[in-house]
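# Tertiary structure, described
If you want the building blocks of each chain, they are given just below.
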Amino acid sequence: MISPQDLLWVAWYAAVAAAAVAAAGLGLLHLWRDRSVAVQLAVVGAATVLATVSGVVVISLMMLINRHDLTVVLAVVTAAGAVAMAVSVLLGRRLVRSARTLVEAVRAAEFRRPDARLPAELAELSRELDAAYARLRDSEASRRELVAWVSHDLRTPLAGLRAMAEALEDGVVDDAATAHRYHGRMRVEVERLAELVDDLFELSRIHAGALRLSERRVGLADLVAEAVAGAEPLARAKGVRISGDVAGGLPVRVDAAEFGRALRNLVVNAIRHTPSDGTVRIVGEARDGRALVSVADACGGIPEEDLPRVFDVAFRGEAARTPGGGGGLGLAIARGIVEAHAGEIGVANSGPGCRFEVALPLLA
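Residues numbered from 1 in each chain as written. Predicted model: local features only at pLDDT ≥ 70, side-chain atom pairs only at ≥ 80, totals over all residues. Heavy atoms only, no water.

Turning next to the sheet that holds strand S2 (residues 241-246). Judged by pairing direction, the sheet is mixed, and its five strands sit side by side in the order S2-S4-S5-S7-S6 without closing on themselves. If you trace the sheet from one side to the other, it starts and ends with S2 and strand S6 (344-350), each paired once. Strand-to-strand twist across the sheet, computed as the mean angle between neighbouring axes with direction ignored, equals 15 degrees. Strand direction decides the pairing type here: strand S5 (residues 290-296) and strand S7 (residues 353-361), joined by seven bridges, are antiparallel. Within the sheet, the bridge partner assigned to Val-295 lies in S7 and is Phe-356. Running at roughly 135 degrees to S6, helix H8 (residues 330-340) makes contact with S6 and S7 of the sheet. (Pairing = 2+ DSSP bridges. Helix = DSSP H or I, 4+ residues; strand = E, 2+ residues; numbered from the N terminus. Axes fitted to C-alpha atoms, helices over the stretch in contact; angles between N-to-C directions. Contact = heavy atoms within 4.5 Å.)

Structure, rendered in structure tokens:
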């Protein structure tokens, strides 16, 4: 029977031999770290087998067994090692085939998740790629829609400006009253173009992550009052009633200019889609430790299938697709500004119209 001391020496020499083989294997893996997974798995399998063989050889020599027994032991270990190597190679080839299948799907004109069964990690990567490509398709569709609507909104006022400028230049308009009316109309169209360019610039800053906020403690009631006052002329011209009601003591930390713009966009959008004699109501309250601002209109509601797209760039409902309806950027800008303040924005049908709701952290 082997003594504990001899057993420790045997374990020590076997560990040293296996560690030497493992170190060589790790060195090869480092040198071949950019090689195929199949090659690296083959190295791992070979290192495992050789480490086992080296330990067995050391133990056999230390135990001074005869040549016949040593040959038998080495034959058994070699056979087991060959099987382990074969399994490693087969596993590597399977991983390589799965990876190539995924690469071919990515290189295709349109990515589609492979039908083949993939290892769990590659299957998860495939799902993430599918979701990423879906977002890219949506983004591309949104970009094309934006280009189409911006082109339309630029072409219409530019055509009017050109016609009025040519009329004035050619002397077609010779009475002062008509010339004054033309000049006034040209100013209005220029203001529309300036607003559209300003919206595009703001949206590009939001998407580029270049929106810089100068946050300070502000009363929500003051922000709502400014939004209502700014939209009052538009509401009066359309015959829409507008009111604001905010509970006192609702301090929030925001960039007053940027967040005020988001509120104005929501209010102006509500007024544009509310018929004459309708009402737009802005309410501010505290709920669940957050400051909530809701803008309710009387637009008649939004189709359920359109609700998820309301804040998409350049999205407009069918009723809004008319000249003068805006560039379709206001709600997208509002969402970008609210999210930049770590807030949330949503929309739901409610009563005679819909209700947009903004939630912000409420300061103590």
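Here the narrative resumes.
All chains considered together, the criterion is met by two aromatic pairs. Ring geometry for Phe-111 versus Tyr-133: centroids 4.9 Å apart, planes at 20 degrees, classification stacked. One end of the pair, Phe-111, is in the loop between helix H3 (67-107) and helix H4 (120-170); the other, Tyr-133, is in helix H4, with 22 residues separating them in the sequence. Given a relative accessible area of 2%, Phe-111 falls into the buried group. Ring centres of Phe-311 and Phe-356 lie 5.8 Å apart, and the angle between their planes is 90 degrees; on these two criteria the pair is classed as edge-to-face. Residue Phe-311 is located in the loop between S5 and H8, and its partner Phe-356 is located in strand S7; the two are separated by 45 residues in the primary sequence. When its relative accessible area of 7% is taken as the criterion, Phe-311 is described as buried. (Phe/Tyr/Trp six-rings, centres within 6.5 Å; stacked < 30°, edge-to-face > 60°. Buried < 20%, exposed > 50% of the residue type's maximum accessible area, 1.4 Å probe, protein only.)

In this structure, Leu-220, Leu-223, Ile-242, Phe-259 and Ile-282 are the most contacted members of the largest nonpolar core, which totals 51 residues. Element by element, the count of residues in this core is highest for helix H7 (residues 256-272), at eight residues. Dropping the residues within four chain positions of it, Ile-282 is found in contact with Val-224, Val-228, Ile-242, Ser-243, Gly-244, Asp-245, Val-267, Val-293, Ser-294 and Val-295. Of all hydrophobic cores here, the second largest spans eight residues; its members include Met-164, Ala-167, Ala-179 and Met-186. (Core = buried A, V, L, I, M, F, W, Y, C linked by side-chain atoms within 4.5 Å.)

Moving on to the pattern of salt bridges. Per the counting criterion, the structure on display carries 13 salt bridges. Here Arg-281 ties to Asp-245 by a salt bridge, and the two come within 3.5 Å at their closest N and O atoms. Taken as a pair, Arg-281 in strand S4 (residues 279-287) and Asp-245 in strand S2 lie far apart in primary sequence, 36 residues in all. Residue classification places Asp-245 among the partly exposed residues on the basis of a relative accessible area of 39%. For Glu-357, the salt bridge identified is with Arg-355, shortest N-O distance 3.9 Å. For Arg-355, a relative accessible area of 29% puts it in the partly exposed group. (Salt bridge = Lys/Arg side-chain N within 4 Å of Asp/Glu carboxyl O.)

Before going further, it helps to examine the layout of surface pockets. Roughly 370 Å³ of volume is contained in the second largest pocket. Mapped onto the lining of the second largest pocket, the elements with two or more residues apiece are H4, helix H5 (176-207) and H8. Of the residues belonging to the lining of the second largest pocket, the class tally is six nonpolar, four polar and six charged. (1 Å grid on protein atoms, 1.4 Å probe; cavity = no way out; pocket = protein on both sides within 12 Å on 5 of 7 lines; lining within 4 Å. Points joined across faces, edges and corners; volume = space filled by probe spheres on them. Nonpolar A, V, L, I, M, F, W, Y, C, P; charged D, E, K, R; others polar.)

Attention now moves to unusual backbone geometry. Backbone geometry at Asp-288 places phi at a positive 55 degrees, although glycine is not the residue there. Judged by relative accessible area, Asp-288 falls into the exposed class, the value being 73%. Look at Ala-342: it is not a glycine, yet its phi comes out positive at around 60 degrees. Its place among the elements puts Ala-342 in the loop between H8 and S6.

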